[in-house]
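Listed below are the residues making up each chain.
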Amino acid sequence: MKKLFLMLLALCSLQLQLSAQTTPAALKSGVDVKDIISKLQSLSTDRVIEKAYLHFDKPYYDPGDTLYFKAYVTAGEKHELSTISGVLHVDLISKNDSVMQSIVLRLTNGQANGDFLLPAYLTKGNYKVRAYTQWMQNNGNTYFFTKQIPVTGKNLTRVAAPAKADKRVDVQFFPEGGSFVTNLPSKIAFKAVGSDGLGVNIKGVVVDNENTEVAKITSAHLGMGQFFVTPAANKTYTAKITYPDGSVNKVDLPAPSAKGIALAVNNDNPDKISVEVNANKAYYLENKNQDINIVIYNGGVVKTVKTVLDNQVIGFDLPVKDMKTGIVQVTLFSQSGAPLNERLAFIQNSGILNLTVNSDKAAYAHNDKATISLNAKAGVNPAAGNFSVSVVDETKVPFDENMERSILSDLLLTSDVKGYVEQPGYYFVNNTADTRSNLDVLMLTQGYRRFVWSDMMDSKPATIAYQPENALQIKGAMLTNDGKPVANEKITLLANNGQSLTAVTDAGGKFIFKDLGFDNNTRFLLKTENQAIKSKTKIVVEKSINRLAVDADVSPMGKYADNLPVNNVADESTVVSNADNAKELKPVLVKDSKTNYRSSNLGGSGNADQVIKHDEFKDSPTLIDGLNGKVRGVKFSNGAAYLLNGLVISAGAAKYEPMLIVVDGNTGGGSLANYNPNDIETVEILKGNNAAIYGVAGGAGVIVLTTRQGGGDDAGDAVHVMSPGLISITPQGFYKAREFYSPVYNITDREVNTNRTTILWKPNLVTDKDGNTTFSYFNGATPGNYRVVIEGIDSNGNLGHSVYKYKVQ
């Protein structure tokens, strides 16, 4: 008979450190449950977890688009906006896993907004955006934000990629709580994954070693499902699986243990979770009347339940009204404190904002002004919060709500789940019995073990290799001309606004200027104060930003990330241009970036007639001065470049046409006189066949400029020796985000750009004390279905996501 109890012996608030994946059996020796709680509290104060989420203006882009985003960085399990870090690093990563662009954003109360301008000649395919703080690196890349960014091609409708004919399917079985015990009813979850990393729906049966059927198998959602088996003594079990193509395979289930205890959690009822502990007869007789402890953790709160194993079946119900939406972790401990079983479940309850969105009209005319109102509530209380809003013409950019990630799916689910979560939006778009059931199976198959128990109970203090980064810094060393350190000498840093700071070199000749907050492309002067030694010494400046290599980053999609289909992208070997006269061209393969210069040339590095690198012109007063005399067969006039053999016949007359200027893949680069040589990493000269990849526009030759802010090894650290003891430096500073242009019309205006897909991007929307705000904008020039997406966080860490739709006629 089940023994029911509701006595909670301990209740305390804490924020858990999340680290590695494990099973509870990692702890070899038992400890008192009070020590476990104490360690959890200590651990939470030593290292609070930061997470990042980026809200983008739309789910996929065309070449030449600006990719806008709003960053939210949270601290702890309550998802409060972080005050730990003041600096966020954001990278745009190519299909070949190289950093294309890298920016540094100033975090203000855990928020920042930024953008990337995609090159106009970018090839189709899946790119990535990665965001992280220095503090996050203490957990490797576990809490980095990484998202695939599909680049499609102009006005290309997004469709599902056709399934590949591949019989390689991996099927795994997961007994609930981690134990499969003889004579105990067991819930077994399973997940079938194809070679592309996506779920494969399967069916079949489970048989014992005498070929007697004991259960049926049928996938419920995306290759996942569950079934029940009560293993008998001296029996083994095998699943006979039928795949979609009709082929059949056999997979052995884990061997059942002859003696053991099991933990089951049922959260089918949205008002409560039911916890049940089952011991088979052999285990019960051996451990009868011993204490057992159950630790329940959710949203920064840990609850412990202690009872006596005086029955083979013990259970209780726990109301969820005070629990936060998110993962609940239930762990069963023995009397000595050794973890026996663990189960993760997902609670859908409080902690999500109720966002009410309304428009002033049910439908609009094209170019008509729209006014949108937002009311935010946490429960029944108004919520003052910070939000971002995107309005997209969904007719041109179709969405799949199930596929899309949101602030809810990222911060509440996928950041705490192993591997790639297919269709994360599915679990949050509609809260039904089916979605709750399928989400529970996801917890059973991909549940993330939040920490290694043995590591947590280790008496050694946690090692913190990376401190929070709250500002920028400039550091370096003073050395003699033969490389020896110069100690106890003053170095002065002069800003272009007239302010100055002074530092003294240490015994190793090193100096550092901390707590700086300058923008990108800001110039400084560093000078030696001791004039007597300036001719005998030199100042060496370290890189201002140490960027992570892409190979140090593992996508949250896991090992299948590179094989995921590009759902909305045509053949990745095709190049797309938004230029009217451009044709689809086959690109030249980009050579190994480790042995070649960084290039934004459409043909890739190594496909230019001449390459002039930064060191060859960095000390020049202008870019043209630096190139003049170095570039073969090119002359410069009035900020333009001309091939000496570039005579063309136009209207019966021979004349020189200026070379096409391409900057970071974007044409129309203007005058070369406008570019600072310290901002340019490489200059490539393309003639003839090399220029032909740019079509008719490249007929007079092409000059390709690749800027230094795009992630080169020395990007953002331009250094110019002006005289002995005096250098000019341009370190990478905080990026200033572009302002989204939202046109304003009068009644007679007609929009020129009828291809606008993002109608509005507003990254800084704030609700007042009553939870209210409004914003206005003008709709596009073409009719369609418009989609308003609002996301954000209030001051208490409650998360909000809302989608509102209307028509433009």
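Right above here is the structure, for reference.
Because the structure is a prediction, the values reported are computed rather than measured.

Chemist: So what's going on with the packing of aromatic side chains? Residues and values would help.
Modeler: On inspection of all chains with the given rule, the structure shows 17 aromatic pairs. For the pair Phe173 and Phe190, a centre-to-centre distance of 6.4 Å together with 50° between the ring planes defines the contact as tilted. With a gap of 17 residues between them, Phe173 in strand β11 (residues 169–175) and Phe190 in strand β12 (residues 186–194) connect regions that are remote in the sequence. Considered together, Phe173 and Phe190 belong to a single accessibility category, that of buried residues. Ring plane angle 65° and centroid distance 5.9 Å describe the contact between Phe511 and Phe513, whose orientation is recorded as edge-to-face. Three or more aromatic residues joined by ring pairs form one cluster here, namely Tyr53, Phe56, Phe69, Phe116 and Phe145. The ring of Tyr656 carries the charged tip of Lys635 above its face, separated from the ring centre by 4.4 Å. One residue, Arg787, lies across the ring of Phe399, its end atom 3.7 Å from the ring centre.

Chemist: I'd like a rundown of the sheet that holds strand β10 (residues 145–151), residues and numbers included.
Modeler: The sheet built from four strands is open, its strands ordered β7-β6-β9-β10 with antiparallel pairing. Only two strands of the sheet have a single partner each, and these edge strands are β7 (99–106) and β10. This sheet shows a mean twist of 20° between the axes of neighbouring strands, independent of strand direction. Examined bridge by bridge, strand β6 (residues 87–93) and strand β9 (residues 125–132) share five bridges and lie antiparallel to one another. Bridging from a neighbouring strand, Ile93 pairs with Lys128 of β9.

Chemist: A description of the pattern of salt bridges should follow, citing residues and the corresponding values.
Modeler: Summed over all chains, the structure comprises 21 salt bridges. When the shortest N-O distance is used, the salt bridge between Arg787 and Glu401 registers 2.7 Å. With a gap of 386 residues between them, Arg787 in strand β49 (residues 784–794) and Glu401 in the loop between β29 (385–393) and α3 (407–413) connect regions that are remote in the sequence. Residue Arg787 is classed as buried on the basis of its relative accessible area of 3%. One salt-bridge network, in which partners are shared between bridges, spans Glu394, Glu401, Arg787 and Lys805.

Chemist: Summarise the pairing of β10; cite the residues concerned and give the values.
Modeler: When a strand is regular, its side chains alternate between the sheet's two faces. In terms of burial, β10 is a largely internal element, seven of the seven residues being buried. Here β10 shows a buried face lined by Phe145, Lys147, Ile149 and Val151 and a second buried face lined by Thr146, Gln148 and Pro150. Pairing of β9 with β10, which is carried by seven bridges, proceeds in the antiparallel orientation. Following the sheet pairing, Ala131 is matched in β10 by Phe145.

Definitions and limits used
Residues numbered from 1 in each chain as written. Predicted model: local features only at pLDDT ≥ 70, side-chain atom pairs only at ≥ 80, totals over all residues. Heavy atoms only, no water. Phe/Tyr/Trp six-rings, centres within 6.5 Å; stacked < 30°, edge-to-face > 60°. Helix = DSSP H or I, 4+ residues; strand = E, 2+ residues; numbered from the N terminus. Buried < 20%, exposed > 50% of the residue type's maximum accessible area, 1.4 Å probe, protein only. Lys NZ or Arg CZ within 6 Å of the ring centre and 35° of its normal. Pairing = 2+ DSSP bridges. Axes fitted to C-alpha atoms, helices over the stretch in contact; angles between N-to-C directions. Salt bridge = Lys/Arg side-chain N within 4 Å of Asp/Glu carboxyl O.

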